Structure formats: structure tokens, C-alpha cells
Amino acid sequence: MSTPLKIGLMGLGTVGQGVLRVLRKNADEIERRIGRKLVVTHIATKDLDRNSESLEGITVSDDALTCVRSADVDVVVEVMGGYNIAKQVTLAAIERGKPVVTANKALLAEHGNEIFAAAAKAGVGLGFEAAVAGGIPIIKAVREGLAGNRIDSLAGIINGTCNYILTQMTVKGQTFADALSDAQKLGYAEADPTFDVEGVDAAHKLTILASIAFGIPLSFGAVAREGISKITAQDIQIALTLGYRIKLLGIAQRSDAGVSLRVHPTLVPDDQLIAKVDGVVNAVVVNGNAVGQVGFYGRGAGGDPTASAIVADLIDVARSLGVPQAQRVPVLAFQPGAMKALPLLAIADIESCYYLRLRVADEPGVLKAITGTLAESDISIEAILQKEPREHEDATVALITSAVKESKFDAAMQRLLALPFVREGASRIRVEHFKS
Ligand SMILES: NC(=O)c1ccc[n+]([C@@H]2O[C@H](COP(=O)([O-])OP(=O)(O)OC[C@H]3O[C@@H](n4cnc5c(N)ncnc54)[C@H](O)[C@@H]3O)[C@@H](O)[C@H]2O)c1
Ligand SMILES: N[C@@H](CCO)C(=O)O
Ligand code: NA
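Residues numbered from 1 in each chain as written. Chains lettered and ligands numbered in written order. Predicted model: local features only at pLDDT ≥ 70, side-chain atom pairs only at ≥ 80, totals over all residues. Heavy atoms only, no water.

Caption draft 1: Inspection of the site of ligand 2 at higher detail. Around ligand 2 sit Lys 105, Asn 159, Gly 160, Thr 161, Tyr 188, Ala 189, Glu 190, Asp 196, Asp 201, Lys 205, Gly 300 and Ala 301, and those are all the residues in its vicinity. Between an oxygen atom of ligand 2 and a side-chain N or O atom of Thr 161, the distance comes to 2.6 Å. When the free accessible area of ligand 2 is taken as 260 Å², the share hidden by the protein chains comes to 94%. More than half of the atoms of ligand 2 fall within 2 Å of the grid points belonging to the largest pocket. Secondary-structure elements contributing two or more residues to the shell around ligand 2 are α7 (160-172) and α10 (200-214). Here the residues of the shell around ligand 2 sort into 3 nonpolar, 4 polar and 5 charged. (Near = heavy atom within 4 Å. Polar contact = N/O pair within 3.5 Å; in protein donor to acceptor, adjacent residues only side chain to side chain. Areas by Shrake-Rupley, 256 points an atom, 1.4 Å probe, with all protein chains shown as cover. 1 Å grid on protein atoms, 1.4 Å probe; cavity = no way out; pocket = protein on both sides within 12 Å on 5 of 7 lines; lining within 4 Å. Sits in = over half its atoms within 2 Å of the grid points. Helix = DSSP H or I, 4+ residues; strand = E, 2+ residues; numbered from the N terminus. Nonpolar A, V, L, I, M, F, W, Y, C, P; charged D, E, K, R; others polar.)

In C-alpha cells, the structure reads:
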């Protein structure tokens, strides 16, 4: 029997403790899969008091860089998060020829081109399954299972916190603030939860997915981004009445013109599968030119589901030790020398249907003026709903348009907002239909 593979676990929070639990719970299965044991020898943490796992026989410190350099660490798991120390730890491991398994999508999306280049140059493995859609093996599926396809698009729910918040607001009538606070307690949210609710985390994940799906460099700066913090309970209720659910989606599309990358709240018809994905669950739909549409579904955040992905990467790393880089699956799905930048399209040119809610004075002729303004802009209306005001209150008009370029819709919306009877507090949300 081979010697155990020694792991340095950098971070012992929600994910780090999950990794310890899963390695222990499934130790026998793991050993049967790789022919050797995976053993955590070193842990770095800054808040040991949060830990509830046994640390017997493990060297624990708050100095991650020293852990990485230890001769007693063969593989580094980076589950600290953040940019600064996490980047130093990752590059220090690579420099020493130690494979890295990371859940840190922020680091990869924003500094990944440098980190992946360093790993390729050193011939060191880098696993990041946990960084995208938690426990769903979406990286492996796109990189390996769908490698026979030209991938044309992918889309989905890739932030568990936002899906949890939207579900709680929709199903339980919880407030945004209470639902976010629960998501934090459950260990779903990022250290800075604005990353979740403003769509930054989903944009990080979309950046990574687009890179492995299309063979393009990581292009975080090109992701158009809108979060869920302005979604109101009223929009959720009106959407339900119109037959839609509101989801935060990440969408990556490739056409002959280039690639478009966007994260935004989206109305999805309630009879489509993605509309029914609730709670912390993520779902990703991929369209390949041979397979058609394939869907993936599972828990997108939380300790054990994320640890499931980390441990799978550790198993891959263990199996590929000693295998020359050219014979391994390329880390970013395409050969490093074959990555190709494609034109990145502006969201102003993307066509989609829109949901628009307006607060208007309760006056005659209002509906006619709204529909007339849209008609003058050549935008047709698919559905419209008017809510009678309570006494002395404004009325609400909500509508769904047919597909229109964002720049054209926004110009028409500005004209609507300038009408004398339209009050402040309008809301505009894109609508997507998933063809299967
Ligand atoms: N929580 C999830 O569901 C989830 C899912 C997928 C990916 N991730 C990613 O995994 C990483 C960790 O997330 P988490 O939720 O476990 O975070 P967490 O805040 O619960 O844990 C972070 C751990 O890292 C330690 N740490 C932070 N800075 C350190 C430093 N400079 N030196 C030593 N230790 C340090 C902390 O003490 C803590 O033990 C992040 O990159 C996050 O984006 C989280
Ligand atoms: N904060 C992230 C963790 C998983 O990446 C989420 O809620 O999806
Ligand atoms: Na994953």
C-alpha cells in the first residue's frame, strides 16, 4: 500500500470543516478509489474557536505560508477565501510543485490568468470544482463529459445565497434582510455578502465557466452584472401573477460575433425547470452542438456539498501525480497554447424580453400613454397588468415586452419615466425563456 497523501488545509471555516468531515466519513471509499489514504497533516486558521471537528494529530497554526512550505504537505487545499494571502499561498504551493485544490472563485476569476499560467509553467495540477456551483460537478462535466461538443451557451442559477433569498421571499414571504441573515447563518454567503447579492460571486463563477466552455481567457471585467438587492416583494408577487419566478441567472453565449457574459435577475416562466429550482440549490443548463441541452442540478453552497467537490479534486490530484502534464486533462479544458480571446460583446446589444413595473398616478389615459410610447419605439407588449390603487395611492402598471435590444428598451424606458404621471420607483427585469 502506498504512503498517505499529505494535505495542508488552508482555512477551517464552513468549507474547511466540511473537508475534514467528508475525508473522515468517506475514508474507506476514498482509499478504495485511489489506493492510498488522504490525510490532513496541517491546518491554517485564524479563528480556531469556530471549529467543531477533532484536530487530533494535526499541526494547527495561523500561518498559512509556513504550512504550505512544510515538507509534511504534498497538496494544498485553499479554503480561506480572499485575494492577498490566498494568492500568495497558491503561488507558493505551485512554486514548490505542490498541487492546489481551491474553492476560491474570486481569486481565480480575477487573478486566474496569472495563476493558471504559473501552474502550467510548473506542470502543477490545480483543481477548482468547488469554486463553481458547489457540489455540482459542473467543471468536470463541461471540461470532460462535454468535450466532444462546441459549447454554444450555458446559463443557470450559480449563487446559492441569492436563490435561497429569492425562494424565502417568494415562498415564505420573508424579508430580504431576514433571508440574507439566515443564509449567512447557514454558511452559504461569502465573507462579504454584497458579493452574493450584487451578483459579483455569480460573475466570478460565470467567468470560470465561460473560460472552460469556450476556451477563452478568464474575462471577469467583461461580465455585465446586476444583483438582487433591488428586487422587491411586489415584483416577486407580480411576476407570480404573470406566471413567472424571479431568479438570479448567469448567462454565457457564443455567436459568430463573439461572447456575451451577464449576470442579472431574470423572470423565468414558472413551467420551466429552472424556475422550480429553489433554496440553496444551483442549476446549470449547457447547450452543446452535438448533445443538445444538458442540465445539472444540486446543492451550490454549504460545507459538505462544497467539500464533496474538493475531495473529488483531491482524488483526481492523487491519481495524476507523476503523470506528465501533456498526458493530463488540461486544467482549463483546452490546451494552454490553444486558448483564444474572442470579441466580448456589450450588453447594450443583447436582445431579451423585459418586465417593467411602473408606479403611476391614478388618472385616465395612463395605460394608453404607456402602450403608445412603447409602440412608438416599436416595442410590442406580450402581457400587461394594472393594479387598482388603494384610496389616495398611486396605481401600478406591470408589463412584459417582446424581445428588444437593451439599448432600445432603455431609451423607451427613459421616455416613459419622463411622462408626467409616472412616479419614481420603476423596476425593469429581463425575461428569459429556456428552449429545450
Ligand atoms: N461557504 C460555501 O458554501 C462556499 C462554497 C463554495 C466556495 N466557497 C469558497 O470557499 C472559501 C472559504 O469559504 P468559507 O465559507 O469556508 O469561509 P469561512 O469564512 O467560513 O472560513 C474561512 C477560513 O479561513 C481562515 N482564514 C482566513 N484568512 C486566513 C489567513 N490569512 N490565514 C489563515 N487562515 C485564514 C479563517 O480563519 C476560516 O477558518 C471562499 O473562497 C469561498 O468563496 C464557499
Ligand atoms: N456564496 C456562495 C457560496 C458557493 O460558491 C453561494 O451562495 O453560492
Ligand atoms: Na462544482
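Caption draft 2: Representation of the pairing of strand β10 (residues 258-269). In terms of burial, β10 is largely enclosed, as 12 of its 12 residues are buried. Where strand β8 (residues 224-225) lies against β10, 2 bridges are found, and the strand directions are parallel. Across the sheet, Arg 225 pairs through a bridge with Val 263, a residue of β10. Relative to β10, strand β9 (residues 244-255) runs antiparallel, the two sharing 12 bridges. Across the sheet, the residue bridging to Ile 246 is Leu 267, located in β10. In this antiparallel pair of consecutive strands, β9 and β10, the connection spans 2 residues. The pairing of β10 with strand β17 (residues 427-431) spans 2 bridges and is parallel. Bridge pairing links Thr 266 to Arg 430 in β17. (Buried < 20%, exposed > 50% of the residue type's maximum accessible area, 1.4 Å probe, protein only. Pairing = 2+ DSSP bridges.)

Caption draft 3: Broad picture of the UniProt feature "binding site: L-homoserine" (unreviewed entry) in the protein chain. Annotation from UniProt places "binding site: L-homoserine" (unreviewed entry) at Glu 190. Relative to the elements of secondary structure, Glu 190 occurs in the loop between α8 (176-185) and α9 (194-197). Within polar-contact distance, the side chain of Glu 190 engages the side chain of Lys 105 at 3.0 Å. (UniProt positions renumbered as here; feature names shortened; annotations may be inferred.)

Caption draft 4: Just the packing of aromatic side chains, in detail. Under the criterion given, the structure shown has 3 aromatic pairs. Here the aromatic rings of Phe 116 and Phe 128 are separated by 5.4 Å at their centres, their planes lie at 70°, and the arrangement is edge-to-face. Here the residue Phe 116 occupies a position in helix α5 (residues 105-122), and Phe 128 occupies one in the loop between β6 (126-127) and α6 (138-145), the gap between them amounting to 12 residues. Taken as a pair, Phe 116 and Phe 128 share a single burial class, namely buried. Here Tyr 164 and Tyr 188 contribute two aromatic rings whose centre-to-centre distance is 5.7 Å and whose plane-to-plane angle is 70°, an arrangement assigned as edge-to-face. Within this pair, whereas Tyr 164 is found in helix α7, its partner Tyr 188 is found in the loop between α8 and α9, the two being separated by 24 residues in sequence. Across this residue pair, the class does not change: Tyr 164 and Tyr 188 are buried. (Phe/Tyr/Trp six-rings, centres within 6.5 Å; stacked < 30°, edge-to-face > 60°.)

Caption draft 5: Structural context of the layout of surface pockets. Taken as a whole, the largest pocket holds about 1,000 Å³ of empty space. In this structure, the largest pocket is lined by 47 residues; those nearest its centre are Val 79, Met 80, Gly 81, Glu 190 and Ala 191. Where the lining of the largest pocket is concerned, the elements lending two or more residues are α1 (14-25), α5, α7, α9 and α10. Each residue belonging to the lining of the largest pocket can be placed in one class, and the counts come to 17 nonpolar, 18 polar and 12 charged. (Points joined across faces, edges and corners; volume = space filled by probe spheres on them.)

Caption draft 6: The arrangement of the sheet that holds strand β3 (residues 59-61) in detail. Taking strand neighbours across the sheet as the criterion, the 6 strands line up as β3-β2-β1-β4-β5-β6 in an open arrangement whose pairing is parallel. With partners counted over all chains shown, the strands left at the sheet margins are β3 and β6, one partner each. When strand β2 (residues 38-44) meets β3, the two strands line up parallel, connected through 3 bridges. Across the sheet, Ile 43 pairs through a bridge with Val 60, a residue of β3.

Caption draft 7: Looking closely at the coordination of the sodium ion (ligand 3). Bound to the sodium ion (ligand 3) are the protein donor atoms Glu 129 (O), Glu 129 (OE), Val 132 (O), Gly 134 (O) and Ile 136 (O), situated 2.4 to 2.6 Å from the metal. Each donor residue of the sodium ion (ligand 3) lies on the same chain, and together they follow the pattern E-x2-V-x1-G-x1-I. Neither Glu 129 nor Val 132 differs from the other in exposure class; each is buried. (Donors = N, O, S within 2.8 Å, 3.2 Å for Na, K, Ca; no water.)

Caption draft 8: Seen up close, the confidence of the model for the protein chain. Chain-level statistics for the protein chain give a pLDDT mean of 96 and a share of 100% at 70 or above. Across the interface, the model reports ipTM at 0.99; the global pTM reads 0.97. (pLDDT = per-residue confidence, 0-100.)

Caption draft 9: Highlighting the UniProt feature "active site" (unreviewed entry) in the protein chain. The UniProt record annotates "active site" (unreviewed entry) at Lys 205. Residue position: Lys 205 is located in helix α10. When neighbours within four sequence positions are excluded, Lys 205 is seen to be in contact with Lys 105, Ala 131, Val 132, Ala 133, Ile 158 and Asn 159. (Contact = heavy atoms within 4.5 Å.)

Caption draft 10: The arrangement of the site of ligand 1 in detail. Around ligand 1, a shell composed of 24 residues is seen, among which Lys 46, Asp 47, Arg 50, Glu 190 and Gly 302 lie nearest. Contact distances for ligand 1 include 2.8 Å between an oxygen atom and a backbone N or O atom of Lys 46. Here an oxygen atom of ligand 1 sits 2.6 Å away from a polar atom, N or O, in the side chain of Asp 47. Alone, ligand 1 offers 830 Å² of accessible surface; in the complex the protein occludes 86% of this. Partitioned by chemical class, the residues of the shell around ligand 1 number 9 nonpolar, 9 polar and 6 charged.

Caption draft 11: Structural context of the pattern of salt bridges. Applying the stated criterion to the full structure yields 28 salt bridges. Where Asp 152 meets Arg 150, a salt bridge forms, and the shortest distance between an N and an O atom there is 2.9 Å. Asp 152 sits in the partly exposed class, given a relative accessible area of 26%. Relative accessible area serves as the criterion here: at 36%, Arg 150 is assigned to the partly exposed category. Salt bridges linked by common partners bring Glu 226, Glu 406, Asp 410, Arg 428 and Arg 430 together as one network. (Salt bridge = Lys/Arg side-chain N within 4 Å of Asp/Glu carboxyl O.)

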